[in-house]
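# Chains, contacts and geometry: an overview
Next come the chains, spelled out residue by residue.
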Amino acid sequence: MFQREIQKYLKDHGFGSFAPKVVLFDMDGVLYDSMPNHARAWQEAMAEFGIRFTAGDSYATEGMRGVDTIRIYARKQLGKELSEAEAQRMYDEKTRLFHLMPQTQIFDGVIDLMRQIKAAGLQIGIVTGSGQKPLIKRLTDDFHNFVEPAHIVTAYDIEHGKPAPDPYLKGLEQAGGLNPWEGIVVENAPMGVRAGVAAGIFTVGINSGPLPDSVLAREGADIIFPSIREFSNHWKDLLK
């Protein structure tokens, strides 16, 4: 069913085969329906520091390390070059506001998809730009049947976050030093899709937010689904 997309991926990257051994999931907007809360927390926190930040901005920059997002917007709007520590203090406020909001739910289809992936003999990893320790702990609690803690890449594990390829290359490394054609990336964010593509990994776009499919396609997504449930329904077709 997806042979055309796979053949195009192989041609674009100059690979001879597509032999997935690990699926690397982004967290927010893929595993959890958390982006509306993140968008609100970002807007409120940035406003406290005199930075205009829209809900659209939160989706467009999703996947990047929070401190990197803050430093970019402070440079653009305030003309300030913030240190890592200064940006971290602002990010801590965003984190505080986020955790005052109701806990977000796991998307429908995530557990079913992970069960199918494990049944097919593949590993599962999680690659997030988050540095929020309570969220990272929740990952280990919610998905302990599917993901080993050593296979979770966070903002603490890499120097250059998404859209650089480093986070997903780290995910391949943690899965046993795999090659790009042995992985699948599952992403909902433009910056995350760009990172997966830059790492040379077959990248599935899950359009769970308000951005049009064309945004994810422009970043190089190999396949786009409207939901993680829809991807779960077609998982076996992708492996054929």
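Residues numbered from 1 in each chain as written. Predicted model: local features only at pLDDT ≥ 70, side-chain atom pairs only at ≥ 80, totals over all residues. Heavy atoms only, no water.

## Here's the deal with the overall build of the protein chain
The secondary structure content of the protein chain amounts to 12 helices and 6 strands. For 240 residues, the compact-globule estimate of 2.2 N^0.38 gives 18 Å, and the protein chain sits close to it at 17 Å. Its C-alpha atoms put the protein chain at 50 × 35 × 30 Å along the principal axes. The 240 residues of the protein chain split such that 55% are buried. Contacts in the protein chain between residues at least 24 apart in sequence constitute 67% of all its contacts with a sequence separation of at least 6. Distance between charge centres in the protein chain, computed from 26 positive and 31 negative side chains, equals 1 Å. (Helix = DSSP H or I, 4+ residues; strand = E, 2+ residues; numbered from the N terminus. Rg over C-alpha atoms; globule rule 2.2 N^0.38 Å. Buried < 20%, exposed > 50% of the residue type's maximum accessible area, 1.4 Å probe, protein only. Contact = heavy atoms within 4.5 Å. Lys, Arg positive; Asp, Glu negative; His and termini not counted. Charge placed at Lys NZ, Arg CZ, Asp CG, Glu CD.)

## Some points on the side chain of Asp222
Of note, Asp222 is situated in the loop between α10 (213–218) and β6 (223–225). Of note is the side chain of Asp222, whose polar atom sits 2.8 Å from the backbone nitrogen of Thr203. Those residues in contact with Asp222 that sit more than four places away from it in its chain are Glu5, Tyr9, Ile201, Phe202 and Thr203. (Polar contact = N/O pair within 3.5 Å; in protein donor to acceptor, adjacent residues only side chain to side chain.)

## Some words on the packing of aromatic side chains
Enumeration over the complete set of coordinates arrives at 12 aromatic pairs. Taken together, a centroid distance of 5.2 Å and an interplanar angle of 25° make the contact between Phe225 and Phe231 stacked. Each member of the pair, Phe225 as well as Phe231, is classed as buried. When the ring of Phe231 is compared with that of Trp235, the centres are 6.0 Å apart and the planes differ by 75°; the resulting orientation is edge-to-face. Judged by its relative accessible area of 0%, Phe231 is buried. (Phe/Tyr/Trp six-rings, centres within 6.5 Å; stacked < 30°, edge-to-face > 60°.)

## Description of the sheet that holds strand β4 (residues 183–187)
If you walk across this open sheet you meet the 6 strands as β3-β2-β1-β4-β5-β6, and the pairing is parallel. The open sheet terminates on both sides in strands that have one partner only, identified here as β3 (152–153) and β6. Direction of pairing for strand β2 (residues 123–127) relative to β3: parallel, over a ladder of 2 bridges. Bridged to Val127 within β3 is Val153. (Pairing = 2+ DSSP bridges.)

## Brief notes about the pairing of strand β5 (residues 202–206)
When you tally the buried positions in β5, you get 5 out of 5 residues, the bulk of the element. Where burial is concerned, the two faces of β5 agree: the one with Phe202, Val204 and Ile206 and the one with Thr203 and Gly205 are both buried. Note that β4 and β5 share 4 bridges and pair parallel. Note that in β5 the partner of Val186 across the bridge is Val204. The β-α-β motif built from β4, the intervening helix α9 (residues 190–198) and the parallel element β5 has right-handed crossover chirality. The parallel pair β5 and β6, bridged by α10, forms a crossover whose chirality is right-handed. (Right-handed = clockwise from strand over helix to strand, strands pointing away.)

## Considerations on the pattern of salt bridges
As enumerated under the stated definition, the model contains 19 salt bridges in all. Among the ionic pairs, Glu44 bridges to Arg40, the shortest N-O distance being 3.1 Å. Taken together, the residues span about one helical turn, with Glu44 and Arg40 both in helix α2 (residues 35–48) at a distance of 4 residues. Under the relative-accessibility criterion, Arg40 is labelled partly exposed at 47%. One salt bridge in this structure joins Arg71 and Glu84, with 3.2 Å as the shortest N-O distance. Of this pair, Arg71 sits in helix α4 (residues 66–78) while Glu84 sits in helix α5 (residues 84–98), and the two are 13 residues apart along the sequence. Among the residues examined, Arg71 registers a relative accessible area of 24% and is labelled partly exposed. (Salt bridge = Lys/Arg side-chain N within 4 Å of Asp/Glu carboxyl O.)

## Thoughts on the side chain of Thr104
Along the chain, Thr104 turns up in the loop between α5 and α6 (110–119). The exposure class assigned to Thr104 is buried, which follows from its relative accessible area of 10%. Setting aside residues no more than four positions away along its own chain, Thr104 makes contact with Tyr32, Asp33, Ser34, Asn37 and Arg138.

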